[in-house]
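Structural characterization, general
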Amino acid sequence: MTDIFTFFTIQNRNDHFDFVLATIVISSVFWYIWVYVKSKRLFPPLPPGPRGLPIVGNLPFLHPELHTYFHSLAQKHGPVFKLWLGAKLTIVITSSEATRDILRTNDVIFANDDVPVAGSLSTYGGVDIVWSPYGPEWPMLRKICINKMLSNATLDSNSFSALRRQETRRTVRYLADRARAGLAVNVGEQIFVTILNVVTQMLWGETVADDEEREKVGAEFLELITEIIDVVGKPNVSDFFPVLSRFDLQGLAKRVRRSAQRMDRMFDRIISQRMGMDKGSKGNGGDFLMVLLNAKDEDENMSMNHVKALLMDMVLGGTDTSLNTIEFAMAELINKLEIMKRAQQELDKVVGKNNIVEEKHITKLPYILSIMKETLRLHPALPLLIPRCPSETTVIGGYTIPNDSKVFINVWAIHRNPNVWENPLEFNPDRFLDKGYDFSGNDYSYFPFGSGRRICAGMAMAEKVVLYNLATLLHSFDWRIGEGEKVELEEKFGILLKLKNPLVATPVLRLSDPNLFL
Ligand code: HEM
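The structure presented is a predicted model; accordingly, all values stated were derived computationally and were not measured.

What follows deals with the domain arrangement of the protein. Taken domain by domain, the protein comprises domain 1 (2-122) and domain 2 (137-517). Counting residues at the interface gives 61 residues for domain 1, matched by 61 residues for domain 2. Summing both partners gives a buried area of about 5600 Å² for domain 1 against domain 2, and 69% of it is carried by carbon and sulfur. When the buried area of domain 1 at its contact with domain 2 is split by residue, His67, Leu103 and Phe110 rank highest and sum to 12% of it. Here domain 1 and domain 2 share 4 salt bridges between them. Between Asp113 and Arg388 there is a salt bridge, with the nearest N and O atoms lying 3.6 Å from each other. On the surface where domain 1 and domain 2 come into contact, there are 22 residue pairs in polar contact (both at pLDDT 80 or more). Elements with a contribution of two residues or more to the side of domain 1 that touches domain 2: α1 (6-12), α2 (17-40), α3 (66-77), β1 (80-85), β2 (88-93), α4 (96-105) and α5 (117-122). Here the element with the most residues in the side of domain 1 that touches domain 2 is α4; it accounts for 8 residues. Taken together, the residues that form the side of domain 1 that touches domain 2 break down as 36 nonpolar, 17 polar and 8 charged.

Shown next as structure tokens:
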């Protein structure tokens, strides 16, 4: 059961409580009667779903691991079912067919995301790509990101690939030192620092000089990113009863506002540094921030808040998603050493043991690519994608889906459908070797980057970062945990899925030439 309602107890001591309770009860009773009468007249009807309580609906029964909870409800109520989360009608989709109806046939109608209060507060009122409504601003922002920052051509430019190489090599040096000392490492923490440095340096080229300072800045970002992603993924009473949002009963708006303000101050510092640096030599910056500032100068519809919100998207969207994917992959491989061995054999054949992995190798490593695909099948980074909000009432799977409802697509459950995937719970990269599944979102049995207009904007970068780092970790090191132990693969739900317990393992040098660890 959720702890959402603990706030009622806390509020009992609060002077506002009577007023709040009265507001909930009166408005909800009227609303409930109105919705009930209205839904009875609908044809086709609303989808089926579990019975809820008056006013609060199914909220008290929500399990914090939403992806598995929704999966179990789908077994009982079918692939399209409904829940009332307070005043919010919520639809959950768990079939490829219904997903196709939404993301292909009715893509435009479902191209708006359902913006949570915390999402809006963390992105300057939702003016970023993720939360912008499907209107004139969203394609403008997406075009800038994809064409000028996240295209293969930009990402493959010498300066950016050198930067990714430099960060990955720095991590290899650190891991080699730990290996020589026989010390275990928190794999996720190391990869986070690598990816964060890649993303932030691509954004504003601000290299943090020495390791100590690098760790400090990394730690501050880690804290802010973790906090914002955590709050955005939490069930929030203000989203379920918008009338109550001004009271911020769980204090989530306050928390996210505080982190967003700290992030904003960091952005301000970097932007003013960049603007100062480029006085008289505008355009020579060569980083994403320069691209964004130029775009702002050229387009009067673009404001400084757009610039900062896009920075936020890149920092939030570009780090934990790739990190969690690498961490899940490593955890699966440490538990299945025969798969790790096959990956290493492929690397030894393509890269060689007297060489180091370069980005040019990654297109020649089909087995490592299948490991990435299989990892994203079993542990998709966004297990429920980003909830959509239809702009028109539509019929999906024989049921009415009203406009303004919140629609979750349970990609996590679809990726485990036993009618499509043989032994769906087994980690088996072979299933991708001879099958044509890719990341394009055209097959609704497998779409870890989403599909349609809102498909991930950073797919090209994700593929590079995940494959290059995974290949390097496997080529340079063997990985050990305690004799007879297994890595705990339990997942923790949030808007981003992650390992519940961090992966801690000991690297062991695999290559004999010490120069290959520089
Ligand atoms: C393994 C890594 C990643 C995975 C699995 C992933 C997955 C996703 C998914 C599932 C969505 C939602 C799509 C939908 O609702 O249909 C999304 C959206 C998005 N992603 Fe990624 N992502 C990854 C990495 C990245 C990176 C590296 C960036 C940028 C640097 C990025 C930027 C974005 C943005 C801006 C959106 C919003 C797109 C829009 O609403 O138009 N992602 N991603």
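What follows covers the site of the ligand. Of all residues adjacent to the ligand, which total 26 residues, the nearest are Trp138, Arg142, Arg388, Arg454 and Cys456. A distance of 3.0 Å separates an oxygen atom of the ligand from a polar atom in the side chain of Trp138. Listed by contribution, the elements that provide at least two residues to the shell around the ligand are α6 (137-149) and α14 (304-335). Tallying contributions element by element places α14 first for the shell around the ligand, with 6 residues.

With that settled, the discussion passes to the packing of helix α8 (residues 158-181) against helix α9 (residues 187-204). Between two packed helices, the angle of one axis relative to the other and the distance separating the axes together describe the packing. Running from N to C, α8 and α9 cross one another at 155°; their axes reach a closest spacing of 10 Å. If you check the angle between α8 and α9, you find them roughly antiparallel. As for how α8 packs across α9, the hand of that crossing is right-handed. Contacts between α8 and α9 involve Phe160, Leu163, Arg164, Gln166, Glu167, Thr168, Thr171, Tyr174 and Leu175 from the first element and Gln190, Thr194, Asn197, Val198, Gln201 and Met202 from the second. By residue class, the composition of the contact of α8 with α9 is 6 nonpolar, 7 polar and 2 charged.

Put simply, α9 and α14 touch, their axes get as near as 9 Å, and they point 150° apart. With respect to α14, the axis of α9 lies roughly antiparallel. As α9 runs across α14, the sense of the crossing is right-handed. For the pair formed by α9 and α14, the contact residues are Val187, Gly188, Ile191, Phe192, Ile195, Leu196, Val199, Leu203 and Trp204 on the first element and Leu311, Met314, Val315, Gly318, Thr319, Asp320, Ser322, Leu323, Ile326, Glu327 and Met330 on the second. By residue class, the composition of the contact of α9 with α14 is 14 nonpolar, 4 polar and 2 charged.

Attention shifts here to the coordination of the iron atom of the ligand. Donor atoms from the protein around the iron atom of the ligand number only one, Cys456 (SG), found at 2.3 Å. Secondary-structure assignment places Cys456 in the loop between α17 (411-414) and α18 (459-476).

Now for the pattern of salt bridges. Within the structure shown, the criterion is met by 24 salt bridges. For the salt bridge of Asp156 with Lys464, the shortest nitrogen-to-oxygen distance reads 2.9 Å. In this pair, Asp156 is assigned in the loop between α7 (152-155) and α8 and Lys464 in helix α18, connecting sequence segments 308 residues apart. Looking at Asp156, the relative accessible area reads 39%, which means it is partly exposed.

A separate point is the side chain of His379. Of note, His379 is situated in the loop between α16 (366-378) and β4 (394-396). At 2.6 Å, the side chain of His379 forms a polar contact with the side chain of Glu491. If near-sequence neighbours (up to four positions away) are discounted, His379 is found in contact with Phe328, Glu332, Arg416, Glu491 and Leu497.

All right, on to the nonpolar core then. In this structure, Trp204, Ile225, Met263, Met330, Ile371, Leu474 and Trp479 are the most contacted members of the largest nonpolar core, which totals 115 residues. Tallying contributions element by element places α14 first for this core, with 16 residues. Once residues within four sequence positions are removed from consideration, Trp479 is found in contact with Leu175, Val185, Val187, Met330, Ile334, Leu337, Met340, Leu473, Ala505, Thr506 and Pro507.

Here the protein averages 88 in pLDDT, while 88% of its residues score no lower than 70. Every residue in residues 1-13 scores below 50 in pLDDT, and together they form 22 contacts with partners more than four places removed in sequence or on other chains. A low-confidence stretch, residues 279-284 stays under pLDDT 50, and its non-local contacts, those more than four residues away or across chains, total 5 contacts. Here the predicted complex scores 0.90 on pTM and 0.99 on ipTM.

Burial along strand β6 (residues 406-409) is two-sided: the residues Lys406 and Phe408 and Val407 and Ile409 are all buried. With 4 bridges joining them, β2 and β6 adopt parallel strand pairing. Bridge pairing in β6 links Ile93 to Ile409.

Calculation criteria
Residues numbered from 1 in each chain as written. Predicted model: local features only at pLDDT ≥ 70, side-chain atom pairs only at ≥ 80, totals over all residues. Heavy atoms only, no water. Domains from an automatic or database assignment. Contact = heavy atoms within 4.5 Å. Buried area = accessible area lost by both parts, 1.4 Å probe. Salt bridge = Lys/Arg side-chain N within 4 Å of Asp/Glu carboxyl O. Polar contact = N/O pair within 3.5 Å; in protein donor to acceptor, adjacent residues only side chain to side chain. Helix = DSSP H or I, 4+ residues; strand = E, 2+ residues; numbered from the N terminus. Nonpolar A, V, L, I, M, F, W, Y, C, P; charged D, E, K, R; others polar. Near = heavy atom within 4 Å. Axes fitted to C-alpha atoms, helices over the stretch in contact; angles between N-to-C directions. Parallel < 35°, antiparallel > 145°, perpendicular 65-115°, else oblique. Left-handed = near helix turned anticlockwise from the far one by under 90°. Donors = N, O, S within 2.8 Å, 3.2 Å for Na, K, Ca; no water. Buried < 20%, exposed > 50% of the residue type's maximum accessible area, 1.4 Å probe, protein only. Core = buried A, V, L, I, M, F, W, Y, C linked by side-chain atoms within 4.5 Å. pLDDT = per-residue confidence, 0-100. Pairing = 2+ DSSP bridges.

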